[in-house]
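# Close look at the chain arrangement
So you can see what is in the structure, the chains are spelled out below.
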Amino acid sequence: MIRIVHLLPILLVACATGCGCLLGGGGDTARADRLNYTHKEFGVGIGGPGWWLLKQLGARFIQDEEPVAALAIRGVKGVQVSKYILDAPSKSHRDEIFDLYAELMDRRGWRLIVRVGEDDSASCVYAQYDEDRFRGVFVVAIEGSEMHVVKVVGDFRPEAFAELNAQLGHGIRLPVVK
């Protein structure tokens, strides 16, 4: 006999897909699909019309046990993730991939924060922000033959960073208003 607990994940995915929360493809993170030496293993997005309700319910559900996670969830408007396997990874392929995403990010008003590379790994990080709030982060990370592309968009105000810092305790600190 199948228990309702076993069906719950299936029902949640079906509900999220049906109300437009769970989206296939990967959106902006799927830009590398046009390159013949990249092969997507995974691409998904979370956002859409039903996301607001789902994130509010999720944040309320974990508020008591994980207040930091609840604060972070409330600020997120969307997440896109793609994973690729690269044929014959090389510095020239990495540069071509980074240039492909740089063109997209520049057109959309994102700013390059850092682009670094070592022997078989490299990454670039973009952010979208203004003087009042942080609106998102976009990361392309390549290590060996694997590439991960992640985009998180939202509305993260410095006041929320101060509240997150208070909840984090020791360790990493997020920027706050002075």
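You'll find the structure just up there.
Read on for an overview of the structure.

### Remarks on helix α2 (residues 51-62)
- Counted at 1.5 Å a residue, the expected span for α2 with its twelve residues is 16 Å, and the 16 Å between its end C-alpha atoms agrees.
- Regarding α2, the residues found buried are W51, K55, Q56 and A59. One side of α2 carries all its buried residues, which in axial view fall inside an arc of 130 degrees. Among the exposed residues of α2, those pointing more than 90 degrees away from its buried face are L53, L57, R60 and F61.

### Overview of the nonpolar core
- One finds I97, F98, Y101, F138, V140 and M147 to be the most contacted residues of the largest nonpolar core, which totals 21 residues.
- Looking at this core element by element, the count peaks at six residues for helix α4 (residues 91-107).
- What F138 contacts, discounting residues up to four positions off in sequence, is D28, T29, Y101, M105, W110, C124, V125, Y126, V149, V150 and K151.

### Some thoughts on the pairing of strand β3 (residues 76-86)
- As paired elements, strand β2 (residues 38-46) and β3 share eight bridges and run antiparallel to each other. Bridge pairing in β3 places H39 opposite I85.

### Focus on the pattern of salt bridges
- Taken as a whole, this structure holds ten salt bridges when the rule is applied.
- Ionic pairing is found between R108 and D28, a salt bridge with its closest N-O pair at 2.5 Å. Placement of the pair is R108 in the loop between α4 and β4 (111-117) and D28 in the loop between β1 (22-24) and β2, with a sequence separation of 80 residues.
- Look at D28 and you get buried, because its relative accessible area is 11%.
- A salt bridge links K83 to E146, with the shortest nitrogen-to-oxygen separation between them at 3.9 Å.

### As for a negative patch on the surface
- Residues E118, D119, D120 and E143 make up a contiguous surface patch of negative charge.
- Mapped onto the fold, D119 is located in the loop between β4 and β5 (121-129).
- Residue class for D119 comes out exposed when judged on its relative accessible area of 79%.

### Section: the side chain of S82
- Its place among the elements puts S82 in strand β3.
- Side-chain polar atoms of S82 contact the side chain of T29, separated by 2.7 Å.

### Thoughts on the packing of aromatic side chains
- Taken as a whole, this structure holds three aromatic pairs when the rule is applied.
- Relative to F138, the ring of Y101 lies with its centre 5.6 Å away and its plane at 45 degrees, an arrangement referred to as tilted. With a gap of 37 residues between them, Y101 in helix α4 and F138 in strand β6 (residues 134-143) connect regions that are remote in the sequence. With respect to class, Y101 is no different from F138; both count as buried.

### A closer look at unusual backbone geometry
- A positive phi is found at A88, a non-glycine position, where the angle reads about 45 degrees.
- Considering the arrangement of structural elements, one finds A88 in the loop between β3 and α4.
- Using a relative accessible area of 59% as the deciding quantity, one classes A88 as exposed.

### Looking at the environment of G47
- Within the secondary structure, G47 is located in the loop between β2 and α2.
- In this structure the C-alpha to C-alpha distance between G47 and V153, which are 106 residues apart in sequence, comes to 9.5 Å.

### A word on α4
- With 17 residues, α4 extends 24 Å between its outermost C-alpha atoms, agreeing within 8% with the 24 Å of an ideal straight helix rising 1.5 Å per residue.
- Among all positions of α4, only H93, R94, I97, F98, L100, Y101, L104 and M105 are buried. The buried residues of α4 occupy one face: seen down the axis, they fall within an arc of 155 degrees. Set apart from the buried face of α4 by more than 90 degrees, the exposed residues are K91, S92, D106 and R107.
- Looking at the buried positions of α4, the neighbouring elements they touch are β2, β3, β4, β5, β6 and β7 (146-156).
- A positive backbone phi angle near 85 degrees is found at G109, which sits one or two residues after α4.

Here is what the cut-offs are and how they apply
Residues numbered from 1 in each chain as written. Predicted model: local features only at pLDDT ≥ 70, side-chain atom pairs only at ≥ 80, totals over all residues. Heavy atoms only, no water. Helix = DSSP H or I, 4+ residues; strand = E, 2+ residues; numbered from the N terminus. Expected span 1.5 Å × (residues − 1). Buried < 20%, exposed > 50% of the residue type's maximum accessible area, 1.4 Å probe, protein only. Arc of directions from axis to C-beta. Core = buried A, V, L, I, M, F, W, Y, C linked by side-chain atoms within 4.5 Å. Contact = heavy atoms within 4.5 Å. Pairing = 2+ DSSP bridges. Salt bridge = Lys/Arg side-chain N within 4 Å of Asp/Glu carboxyl O. Patch = residues over 30% accessible without salt bridge, like charges linked within 9 Å, V, L, I, M, F, W, Y side chains within 5 Å. Areas by Shrake-Rupley, 256 points an atom, 1.4 Å probe, with all protein chains shown as cover. Lys, Arg positive; Asp, Glu negative; His and termini not counted. Charge placed at Lys NZ, Arg CZ, Asp CG, Glu CD. Polar contact = N/O pair within 3.5 Å; in protein donor to acceptor, adjacent residues only side chain to side chain. Phe/Tyr/Trp six-rings, centres within 6.5 Å; stacked < 30°, edge-to-face > 60°.

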